[in-house]
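# Structural features, examined
Chain by chain, the residues:
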Amino acid sequence: MSNRPLLYFLTVVFFSFCLISCSATKNNHDETGDLVHSSCLHANYPTICLRTLSSYKGPAKTHRDLAQAAVKVSLSRARKVSKYLTQVSSSVNKGTNKRERVALSDCVEQLSDSVEELGKTLSELKHLRGETFRWQMSNAETWASAALTNEDTCLDGFEDVDGKVKSDVKKKITSVARVTSNALYMINRLDESRDRPRFNP
């Protein structure tokens, strides 16, 4: 009988802690969701933006987090498509239409450049400093823009090519170009948000 008050007290404390913890988690999730939604609202491809960033694993509490996440998504997809193009290009025989072979070869090089440029973009965003913020943001915007241009140029190369290869490449490149376009938008949004670091993390 003497243990009942203590047991009751511990039960109340336990459930109170659970309620506070659950509430904090929910609020944090809601804040993250609100930031993603408001940030994606005016992106070039809002539906893709919401889908890729809402399901992205990692913290997304600031504009800087979102910009990094968007670039990571773009970099990941660019790497996969670059690998795919390299495999397709190496398996194409000499009997294939010359224009298609040239378009594939150019595309391999362009996607490889995109991967490199997105990698530099991500690295710059990870090491932003308050005193060099403007210069670093300019670099990030330039590289992301160049990556997008390379992807668009790859698509242009298949303009006069017909067949299944063109269809497959166009689908994959378009997907990469859209997430890269959203990533560039997030970088521009970060630049305008004044979400500037006070020190190098």
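Residues numbered from 1 in each chain as written. Predicted model: local features only at pLDDT ≥ 70, side-chain atom pairs only at ≥ 80, totals over all residues. Heavy atoms only, no water.

The subject of this paragraph is the overall build of the protein chain. Each helix and strand counted, the protein chain has six helices and zero strands in total. The linear arrangement of helices and strands in the protein chain, starting from the amino end, is α-α-α-α-α-α. Of the contacts made within the protein chain by residues no fewer than 6 positions apart, 75% connect residues no fewer than 24 positions apart. In the structure as shown, the protein chain presents an accessible area of about 12300 Å², 53% of it carried by carbon and sulfur atoms. (Helix = DSSP H or I, 4+ residues; strand = E, 2+ residues; numbered from the N terminus. Contact = heavy atoms within 4.5 Å. Areas by Shrake-Rupley, 256 points an atom, 1.4 Å probe, with all protein chains shown as cover.)

To describe a pair of aromatic rings, you give the distance between the ring centres and the angle between the ring planes. Under the definition given, this model contains zero aromatic pairs. Of note, lysine 172 hangs over the ring of tyrosine 84, and the distance from its end group to the ring centre comes to 4.7 Å. (Phe/Tyr/Trp six-rings, centres within 6.5 Å; stacked < 30°, edge-to-face > 60°. Lys NZ or Arg CZ within 6 Å of the ring centre and 35° of its normal.)

Quick look at the pattern of salt bridges now. The full count for this structure, using the stated rule, is three salt bridges. We note a salt bridge from aspartate 168 to lysine 164, for which the minimum N-O separation is 2.6 Å. Within this pair, aspartate 168 and its partner lysine 164 are both found in helix H6 (residues 164-193), separated by four residues, close to a single helical turn. By relative accessible area, which is 24% here, aspartate 168 ends up partly exposed. (Salt bridge = Lys/Arg side-chain N within 4 Å of Asp/Glu carboxyl O. Buried < 20%, exposed > 50% of the residue type's maximum accessible area, 1.4 Å probe, protein only.)

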